[in-house]
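So the chains spell out like this:
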Amino acid sequence: NIKNIYCIVFDEKNMFGHIASSSARCSSSLIRGTKKLFERSSIVNMQRADLNVASRPSDLVGNTPLLDLEKTLICNGVDVSKGTKLYAKMESLGPCSSVKDRIGRSMIDDAEAKGLLTPGKSVLVEPTSGNTGIALASIARERGYRCILTMPETMSVERRMMLLAMGAEVVLTPKETAVPGALAKAHEILEELGEDGFMLQQFENEANPRVHRETTGPEIWRDTDGLVDIFVSGVGTGGTLSGVSQFIKGSEKYNCPPLKQIKSVAVEPMEQMLITEKRGGEKLGEQGPHKIQGIGAGIVPANLDLDIVDQVIPIHSDTAMMMSNELWMMGIPAGVSAGAIVSASVQAAAEEENEGKMIVCVLPSFGERYFTHPMFAGTKEKAEGLVKQPLPEPWDNRDFGFETARG
């Protein structure tokens, strides 16, 4: 007796698979009939190249989808009847859940191609606000490098835990010095390591904006069928805004033919308006520390192509946190920098001159790594305040610490 024989047979003409099965006895006639069917049919020979399987985590970087945020526009009073659209590039869906996955891989690939790194010997040292560090820690583990990361003490515990879990070493620096302090500490460590140490320098490494010219920009152009009118991105290192804009608007320096003259919008914290100041604008309100992790690094990065920036929109930390919470309530787990970027995008969509335009913004990272951020203080308190509830009959709730059988 043969139980559960399943034969996948392909119709030679239509290439549809049919399943022949026997759940009890399988007669010899069925076997003979199945054999004849196989002899008459074409069997698809699936080659390994046809399998959609990545060989290592870093091979999963890129090709993130766009998400329609029309509901966000409507909820914030933007008239969408004239065709105004807002799409989010979901970089939170990368292997390490952030847009920095792209530059982490690109910078290490570039250094390896130049013969600057030796697995088992080289030590990567980098100042980071968190997400670049997570990408570097992941790829360092994948390829056999020791990794030391310096970051301001304000970075979330979740980020620190992710780095430590992947074997990276984390060095915290004073919050008052922001990224410049982390950079100074990284240089000190680099000097101590001597020839074994190597700093990728995300704020000025050309492999940073290059990967956005080669991947992010083309993906946006392809997925919008060339209809994108406005691109909105936060500025941490400046690589995303610069690279995408250079690819679409064109750049003689980088041999990018012009495709379309889109508007490039930079987003920075209202409490730290360095890009606005650099472009000759006026700062608004009190300047100093902010709560938007991932942007506003306390410098105007060398990788930011200021000539390609058309507009800078400052967003206050409180506004960013409110928008991030709004995204969560839409089912989109987003970090505080995503809240800032979407807030700026909504502002841009509301401008009369942008009526009917297609806006693409970047959702740079996944929200779960921000649970110790102040914007989740109320949620944390509520979660910690939850208490168990009594069970229905036939359970005796006295067995679970309740005073009576019914609770």
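K.L.:
Any chance you could explain the layout of surface pockets here in plain terms?
P.N.:
Summary: where empty space remains is shown by rolling a probe the size of a single water molecule over the atoms. By volume, the largest pocket is sized at about 560 Å³. Lining the largest pocket are 30 residues, with Pro152, Thr154, Met155, Ala178 and His290 positioned closest to its centre. In the lining of the largest pocket, the residues fall into ten nonpolar, 16 polar and four charged. When its volume is computed, the second largest pocket comes out at roughly 210 Å³.

K.L.:
Explain the packing of helix H4 (residues 131-143) against helix H5 (residues 157-165) here, please?
P.N.:
The geometry of a pair of packed helices is captured by two quantities: the angle between their axes and the separation between those axes. Contact pair H4 / H5: the axes reach a minimum separation of 9 Å and the direction vectors enclose 15°. The orientation of H4 with respect to H5, classified from their angle, is roughly parallel. Handedness of the H4/H5 crossing: left-handed. On H5, the residues touching Asn131, Gly133, Ile134 and Ala137 of H4 are Arg159, Met162 and Leu163. Residue composition of the contact of H4 with H5, by class: four nonpolar, two polar and one charged.

K.L.:
Whenever I open this one, H4 confuses me. Can you help?
P.N.:
Note that an α-helix has 3.6 residues per turn; residues three or four places apart therefore point the same way. With 13 residues, H4 should cover 18 Å at 1.5 Å per step; its first-to-last C-alpha distance of 18 Å lies within 8% of that length. With eleven of 13 residues buried, H4 is to be regarded as a mostly interior element. For H4, the full list of buried residues reads Asn131, Thr132, Gly133, Ile134, Ala135, Leu136, Ala137, Ser138, Ile139, Ala140 and Arg143. Taken from the residues just after H4, glycine 144 is the one with a positive phi, measuring 90°.

Definitions and cut-offs
- Residues numbered from 1 in each chain as written.
- Predicted model: local features only at pLDDT ≥ 70, side-chain atom pairs only at ≥ 80, totals over all residues.
- Heavy atoms only, no water.
- 1 Å grid on protein atoms, 1.4 Å probe; cavity = no way out; pocket = protein on both sides within 12 Å on 5 of 7 lines; lining within 4 Å.
- Points joined across faces, edges and corners; volume = space filled by probe spheres on them.
- Nonpolar A, V, L, I, M, F, W, Y, C, P; charged D, E, K, R; others polar.
- Axes fitted to C-alpha atoms, helices over the stretch in contact; angles between N-to-C directions.
- Helix = DSSP H or I, 4+ residues; strand = E, 2+ residues; numbered from the N terminus.
- Parallel < 35°, antiparallel > 145°, perpendicular 65-115°, else oblique.
- Left-handed = near helix turned anticlockwise from the far one by under 90°.
- Contact = heavy atoms within 4.5 Å.
- Expected span 1.5 Å × (residues − 1).
- Buried < 20%, exposed > 50% of the residue type's maximum accessible area, 1.4 Å probe, protein only.

Any functional reading would require information beyond the geometric quantities listed.
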